[in-house]
Structures are given as C-alpha cells and as structure tokens.
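# Coordinates in review
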Amino acid sequence: MRSPSIVTIDPSVSKARPIAARFLALLTVVLLSGGCVTTNEIAQFPLGSYHEAIVSVTSQSEAALQTEYEWSLERFKREAGQGDVPALLQLQLEFPPDSAFAWRYSGEGGGGAVFLAVADSRRKLAAINDLLLDYAGLLTQLAGADDQSQFDPESEASRLKESAESLASTLGVAPDDQGLSLFSTVAAKAASAYLQDKRSDLLVDVLEAGIEPLENLVGNVQAALSISALGIAAEYQAEFNRLRQEFGDAGDDGRRQVILDLIDLNRKTTAQFDLLRSISQTYDTLLETQHQLIAAVREKRQPTLRGLLTATQDIQRQYEQLRNEPEGE
Amino acid sequence: MKQADKLRILNFLVFLRGKLQTLSIELTAEGANHDDVDDREKRLAAEIDKLRVNLMRQWQANAKSVMSDMQSLNQTAQRKIREMRSEIDKMKKVTEVMNVFDQVLSLVRGLV
C-alpha cells in the first residue's frame, strides 16, 4: 500500500539523504552511548541581560557628553555676544561642490568652536555605540534568543507524532504506539545535542573574534570620556571666572547669590566627573564580560555578568541623581 | 603627537589655569594688580580650547578605524548566524527523514 502522505514527503527525503547519512552516524553514537540529552536542554544561551546592559551603558555615555555640549554652547553664546571670539567665521557653513546635500563648517578642522567639535564627537560616539549594540544583538541572536535560530526538540517530536497519527487515521490502521515516535524523538534529541554544540562553537568564535575590536573600542570610548572630563573642567573654569567677576561687582546680597551659584556649579561638576568615571570603568567591565561569556559558553552554563550589571545599575543611579537634582540650594 | 600625550598636556594646562585663577583671587584680596595674571589666564584658556578641538578632531579620526573593525566583526557574526540557521534547517530535514522511518514502522506493525 502507498500512502499519499509518504509520496509528498519523498522529495525532502531524497534531498536530505546525504545529511541523513551523516546524521545517522551521529544518532548511532548517541544511542550507543546512551547519551541523549534531555528535552529541557534546548540549545540556546539567553543573553538578554547582556544586551540590556549594553543598551544602558551606551545610552549613558552619549547622555554624559550632553553636559559638555550644553556648557560649551552656553559659553560660546555668551562670549560671542561680548565679541570675544570670531563667532561669524566659526559658524559659517560652506557647501562643497561635489554633492548637493553636503555641508560643513568653513573653519579650520571642521569648525573651530568647541561646542561644534563636541557635537561631532557625540555623533561619532553614538555611531560607535550603535555598532556595539548591533554586536550585542547579533550575539543574542546567535545564542538562540530569536525564533528563527531555535530548534525545539519537544515541538519537533510532537509535530512528527501528529503527522504519523494523521497518516494512520487516513489509512484506517491502528499504529503501534510504542514504535510511533521511536526514531523521530531520538533523532530530535540528538539533533538538539548536535545543535547545542554547534551553537557553542559559533558563539565562542564570535566572542573571541570580538576581543581585539572591543579592546580598541573601549580604549577609544574611554579617550572620548577623558577628553570630555577635561572639557567639563575647562567649562567649569570659564564659569568660575564669570562668577568671580559677578562677585567682584556685586553688593552683599549679590555676593551671597554668587556663592550659592558656585556651590551649585561645584555639585554639578563633581557629579558629572563621577558619572564619566563610572561610565569609563563600566566600559572596562565589557572586556571582562567578554571573557566571562566565553568561559560560560564553553562550560555550557549561564554567565553571571555580575560586574557588568552592577556597573550599569550604578551609572543609571548616578545619572538619575544628576538629572533629578534641584536647581540651586 | 599621540592622543594620549595631548591629553596629558591638556590636563596640565587645565591644572595651570586653575592655579592662575587662584593667584588672581589672592592678588585681588590683597589689593594688588592682577591684570597680568588675568591676561595670561585668558590666553591659556584660548590655547586650552584649541587643544580640546584638536583632540576631539583627532579622536573622531581614530574612531573611524574602530568603527571599521566593529563593522567587520558584525559581518562575521551575521555569517555565523546564517551558518547556525542553516544547521537548524538541516536538522529539521533529518528529523523529517526519521519521521518517515517511524511512519513506516508503525504502519507496518499496524497492518501485520
């Protein structure tokens, strides 16, 4: 008797024959060794918290450069109003002849004003962070968190069993329940074990390939954060000069206000320094985390990521504190 | 000059500027003339601004190679994901083959 269902399966059978031959060898080994994995061991390594931590640290680093931008822009406006800087030349846009949509600042080095350079650095930092986020997202995909790269032996075996039962019903015969999913269940479990090993190998490949680019990225971002910290110091000194001038010109009440303003400026400045330092240290933990992930995947265990998660929580707290601080005393 | 060396110089200039500000305040408190100190501090501030812009532009140029490395890394990761998906597809086909064995086996037992 020929079954229509079997006929429809035939093309895939013939197409998959070489693979089936290779897999049968693996299946035999698994059966002989009695080493079938349990169906709970689905071949994936959840990296959700890793991705979330990367999202957090990258967004905080970009936000941290916002303060330097705002302070340098405010100073530029103030000093430009006093005629202290050649503001017109620093702000003049020019339009290169090679593209209808291109523009740039005409000043030497792409705009001499500090706030313009800070703005460009922020954009570049965001682009670097986007690539880091992409990397974390790809790792998460490769680890099996997305639907397309998952293989669930439970559902595979169940689907096959239903298919066989349907076929038996169509033919009006009673299948032998004990033999119904003998091979397909074992095959699905063996496939799961194979895929778990394969996924581990590929993940370790990508994690190891990421060490050197990540080292360069971390060094680069930390340099940006150091430049920003010194920029904050320079903006503080400019603001300090302004307050000092006001102090000299003011009466008693005015002087009291200047002192309060200075206390406020000091608090914001030191908080910004703390935030930049924390973010810089958190980027360091990315490298440690990379090695932790490699070890965890190799040992088939969940990574703890404790250092990275604690660091990102700290900078989130510092950032919230900085943002929610009241203006003045 | 390397970026790290420029950073050290900038750090020192910022420190120096703070000292000039302190000196100017002390001279003011003593009623002495502090115009020279203020003038030097102003010139130093302008140099600090120039060095900051220079450092940021150099950093932006360096960032290009970092981005290039990361793009290459992400392409590698994408290739590995495709490889993994291909392996999963193969395994699904294999389990389909096993299903055929099961179907035949159970039907034969049911018929006999």
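Residues numbered from 1 in each chain as written. Chains lettered and ligands numbered in written order. Predicted model: local features only at pLDDT ≥ 70, side-chain atom pairs only at ≥ 80, totals over all residues. Heavy atoms only, no water.

## Digging into the overall build of chain A
Our working definition: Helix and strand assignments follow DSSP, with helices taken as H or I runs no shorter than four residues and strands as E runs no shorter than two, numbered in order from the N terminus. For the exposure calls, accessible area comes from a 1.4 Å probe over protein chains only, and a residue counts as buried if that area is under 20% of its type's maximum, exposed if over 50%, partly exposed in between. Throughout, a contact is declared for two residues whenever any of their heavy atoms are within 4.5 Å. Each accessible area is a Shrake-Rupley estimate made with a 1.4 Å probe; only the visible protein chains count as cover when residues are assessed.
Within chain A, the secondary structure is distributed over eleven helices and two strands. Along its sequence from the N terminus, chain A presents helices and strands in the succession α-α-α-α-β-β-α-α-α-α-α-α-α. Here chain A holds 329 residues, and 45% of them are scored as buried. In chain A, the share of contacts with a sequence separation of at least 24, taken over all contacts with a separation of at least 6, comes to 81%. Carbon and sulfur atoms make up 52% of the accessible area of chain A, which totals about 16,400 Å².

## Focus: the confidence of the model for chain B
Keep in mind that low pLDDT regions are not for reading the predicted coordinates in detail. Spelled out, the test is: Confidence of the predictor at the level of single residues is given by pLDDT, which spans 0 to 100.
Here chain B averages 89 in pLDDT, while 92% of its residues score no lower than 70. At the level of chain-chain contacts, confidence expressed as ipTM amounts to 0.86, with global pTM at 0.77.

## Examining the packing of aromatic side chains
Residue and element names in this part refer to chain B. Our working rule: Planes of paired rings set the category: under 30 degrees apart is stacked, over 60 is edge-to-face and the rest tilted, where pairs are Phe, Tyr or Trp rings (Trp by its six-membered ring) whose centres lie within 6.5 Å.
Under the definition given, this model contains four aromatic pairs over all chains. Ring geometry for Phe12 versus Phe15: centroids 6.4 Å apart, planes at 35 degrees, classification tilted. With Phe12 and Phe15 both in helix 1 (residues 3–29), this residue pair falls three residues apart, about one helical turn. Its relative accessible area of 49% is what places Phe15 among the partly exposed residues.

## Examining empty space enclosed by the protein
Let me state the cut-off plainly: Think of a 1 Å grid over the protein atoms and nothing else: a 1.4 Å probe that fits but is trapped marks a cavity, an open set flanked by protein within 12 Å on at least five of seven lines marks a pocket, and residues with an atom within 4 Å of a point count as lining. Grid points are joined across faces, edges and corners, and a volume is the space filled by probe spheres set on the points. Amino acid classes used here: Ala, Val, Leu, Ile, Met, Phe, Trp, Tyr, Cys and Pro are nonpolar; Asp, Glu, Lys and Arg are charged; the rest, including Gly, are polar.
Counted according to the given criterion, the structure contains one cavity of 30 Å³ or more. Considering the residues around the largest cavity, the lining is formed by Leu65, Glu68, Ser121, Ala224, Ile227 and Ser228 of chain A together with Met56 and Trp59 of chain B. Secondary-structure elements contributing two or more residues to the lining of the largest cavity are helix 3 (48–81) and helix 9 (211–249) of chain A together with helix 2 (35–111) of chain B. With three residues, helix 9 of chain A is the largest single contributor of residues to the lining of the largest cavity. Classifying every residue of the lining of the largest cavity gives five nonpolar, two polar and one charged.

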